[in-house]
Amino acid sequence: MRKEKTLKAQGIVNTGPVHWNLGTAALYEAAIRRGEGHIARGGPLVCTTGQHTGRSPNDKFVVEDENTRQTVWWGKVNQAMSPERFARLRLRMLAFLQGRGLYVQDLFAGADPDYRLSVRVITEQAWHSLFARNMFVRPQPAELARFEPDFTIIQAPGFHADPEIDGTRSETVIAIDFTHRTVLIGGTSYAGEIKKSVFTILNYLLPAQGVFPMHCSANIGPGGDTALFFGLSGTGKTTLSADGSRTLIGDDEHGWTDHGVFNFEGGCYAKVIRLSPEAEPEIYAASTRYGTVLENVVMDPETHALDLDDASLTENTRSCYPLDFIPNASRSGTGPYPKNVVMLTADAFGVLPPIARLTREQAMYHFLSGYTARVAGTEKGLGNEPQATFSTCFGAPFMPRHPTVYAKLLGDRLAKDEVACWLVNTGWSGGAFGVGKRMKIAHTRAMVRAALDGRLARAETRRDPVFGLHVPVAVPEVPDGVLDPRNTWADKEAYDAAARELAVRFEENFRQFEADVDPAVREAGIRPAA
């Protein structure tokens, strides 16, 4: 009865059956019975998302009121919605849900009990409920008995916003009200919107508590050394953190506190297009077993065999599985202070070195710049070719506060905990996209291992003449020729032109932050030669 009362308090009334905290088997049965997906060979549940195979960043809104007016970084990333519009949208969505069966999961976001958020996820479909159950931290039975949500997410793919009534851009909407602690998701079946809404909430709340929220993966070495991997989708966060020799804390979202690092999530959401059992055995094994949700992965209709190389639905095929599907995953989801921070970029120009050591000021500069290539399929409307972009904090779409808030937290943590910082390019070598080739994962792994185990700490470096980066002259198990990107290009003049062009882009992009950072950070920036 208490559960029903809490739904009524949210205005959720006159629904069909409400299914509370169903387990994996029951959600499988419901999803199959309702025609939401199919079971592939090996056991994963395969579902498709229709029109939306990635996030819809242009359809995301934040309620602007007295609590958020001065604290949110308003603009293209955080579009304002009035409280009145949100209230009307919420009533229309609740009316849509009347008479429909619902699935509810009560979950935690955050492995550290001191900072965790209690989140109630209400979905229209069973498979999204399983996604949420896989993605976040599951409370123990005693915790469920007294569970009270800090935030409620209502996800209704069948509901379509009306731009004239709701003030939205399209029929798709992701709207967050921080004051009433509610998220509304409508008009999209892409499950990643649930995950990233929770991340956005934590990115808003935690800085006020002195916690640095990060779009990064994290793992721990045999000696107890934590490493962080910053990067956007497709840059290698999940791949590089799933290392059999290190314990995985998490693959995407973490907080850095006064006493260590903690995972925001209880699961992984890995890209699996062209996933190889040889190159990524842990992720492959986790993605091909019972309990995993596969999103937009192509399956043979007769044999139910998976084709992970088929991108006919999208390049952004996904696998969502609980963290304990990775054999060497941390059971606590926490770790000590990091010893190394790795910033990942997929350079579509093919001119950045594959690895470079960063000073504290360079690290803050590159964190604010967030240069990478947006990889095909991760956002709606993105074509098949990578596009060079600057996504501040390596996660601009999820940062409600001004980027310098997060950069200051990074700088403070780096200074306090004496952390080594590295810039690693997992993008193209030997030419830009279309001419060069993607950096070999074996080479990238070797470079990262050498950085994390200390072999590069005192290695001889050269200063890159264009980008000012300190590039190791030699790295074990990596051909020396790979370390100098100019030498990998057949046309050296073409390299020089491309490098200068990227340097100009860096300089132009950083102008928006120059007035808000210390002079030392400005001086560490990239400037094209005169």
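Above this text is the structure in question.
Being a predicted model, the structure only gives us computed values, none of them experimental.

> For this particular structure, what's the right way to read the nonpolar core?
Soluble globular proteins tend to bury their nonpolar side chains together. Core analysis: the biggest nonpolar cluster contains 95 residues, and Phe 230, Trp 256, Met 343, Phe 367 and Phe 467 have the highest contact counts within it. The contact partners of Phe 367, leaving out residues within four places of it in the chain, are Phe 212, Phe 230, Met 343, Thr 392, Cys 393, Phe 394, Tyr 406, Ala 407 and Leu 410. Listed in part, the 22 residues of the second largest apolar core include Met 93, Phe 96, Val 104 and Ala 175.

> Would you mind going over the sheet that holds strand β4 (residues 60–63) with me for this structure?
Backbone-to-backbone hydrogen bonds join strands into a sheet, with any given pair of strands oriented parallel or antiparallel. The sheet built from eight strands is open, its strands ordered β1-β6-β7-β8-β10-β9-β4-β5 with mixed pairing. Unpaired on one side and paired on the other, β1 (18–20) and β5 (79–81) mark the two borders of the sheet. Along the sheet, successive strands turn relative to each other by an average axial angle of 20 degrees, direction set aside. Here β1 pairs with strand β6 (residues 102–109) via three bridges, running parallel. For Val 18, the partnering residue across the bridge sits in β6 and is Leu 102.

> Looking at this structure, I do not really get the state of the cysteines. What am I missing?
Note on terminology: a disulfide is the covalent bond linking the sulfur atoms of two cysteines. Taken as a whole and assessed by the stated rule, the structure comprises zero disulfides. Cys 47 takes part in no disulfide bond, and the closest cysteine sulfur to it belongs to Cys 320, at a distance of 11 Å. Cys 421 supplies the cysteine sulfur nearest to Cys 216, a cysteine that is in no disulfide, at a spacing of 12 Å. By relative accessible area, which is 0% here, Cys 216 ends up buried.

> Sorry if this is basic, but what is going on with the sheet that holds strand β17 (residues 293–295) here?
With mixed pairing, five strands are arranged side by side in an open sheet as β2-β3-β17-β20-β16. The open sheet has two edge strands, β2 (38–39) and β16 (267–271), and neither has a second partner.

> Quick question: what am I supposed to make of the packing of helix α2 (residues 24–33) against helix α4 (residues 126–135) here?
Two measures define how a pair of helices packs: the angle their axes make with one another and the distance between the axes. At a minimum axis distance of 8 Å, the contact between α2 and α4 shows a crossing angle of 155 degrees. In this view, α2 runs roughly antiparallel relative to α4, as classed from their interaxial angle. When the axes of α2 and α4 are compared, the crossing they make is left-handed. Contacts between α2 and α4 pair Thr 24, Leu 27, Tyr 28, Ala 30 and Ala 31 from the former with Ala 126, Trp 127, Ser 129, Leu 130 and Arg 133 from the latter.

> Hey, could you run me through α4 in this one?
Since there are 3.6 residues in each turn of an α-helix, residues three or four apart along the chain are aligned in direction. Where burial is concerned, most of α4 is hidden: ten out of the ten residues are buried. Three or more residues of α4 are buried, namely Ala 126, Trp 127, His 128, Ser 129, Leu 130, Phe 131, Ala 132, Arg 133, Asn 134 and Met 135.

> Sorry if this is basic, but what is going on with the side chain of Gln 10 here?
Its place among the elements puts Gln 10 in the loop between α1 (2–9) and β1. The class of Gln 10 is buried, set by a relative accessible area of 18%. Those residues in contact with Gln 10, other than ones at most four positions away along the chain, are Arg 90, Leu 94, Thr 152 and Thr 182.

What counts, and where the lines are drawn
- Residues numbered from 1 in each chain as written.
- Predicted model: local features only at pLDDT ≥ 70, side-chain atom pairs only at ≥ 80, totals over all residues.
- Heavy atoms only, no water.
- Core = buried A, V, L, I, M, F, W, Y, C linked by side-chain atoms within 4.5 Å.
- Buried < 20%, exposed > 50% of the residue type's maximum accessible area, 1.4 Å probe, protein only.
- Contact = heavy atoms within 4.5 Å.
- Pairing = 2+ DSSP bridges.
- Helix = DSSP H or I, 4+ residues; strand = E, 2+ residues; numbered from the N terminus.
- Axes fitted to C-alpha atoms, helices over the stretch in contact; angles between N-to-C directions.
- Disulfide = S-S within 2.5 Å.
- Parallel < 35°, antiparallel > 145°, perpendicular 65-115°, else oblique.
- Left-handed = near helix turned anticlockwise from the far one by under 90°.

Structural measurements only, silent on function.
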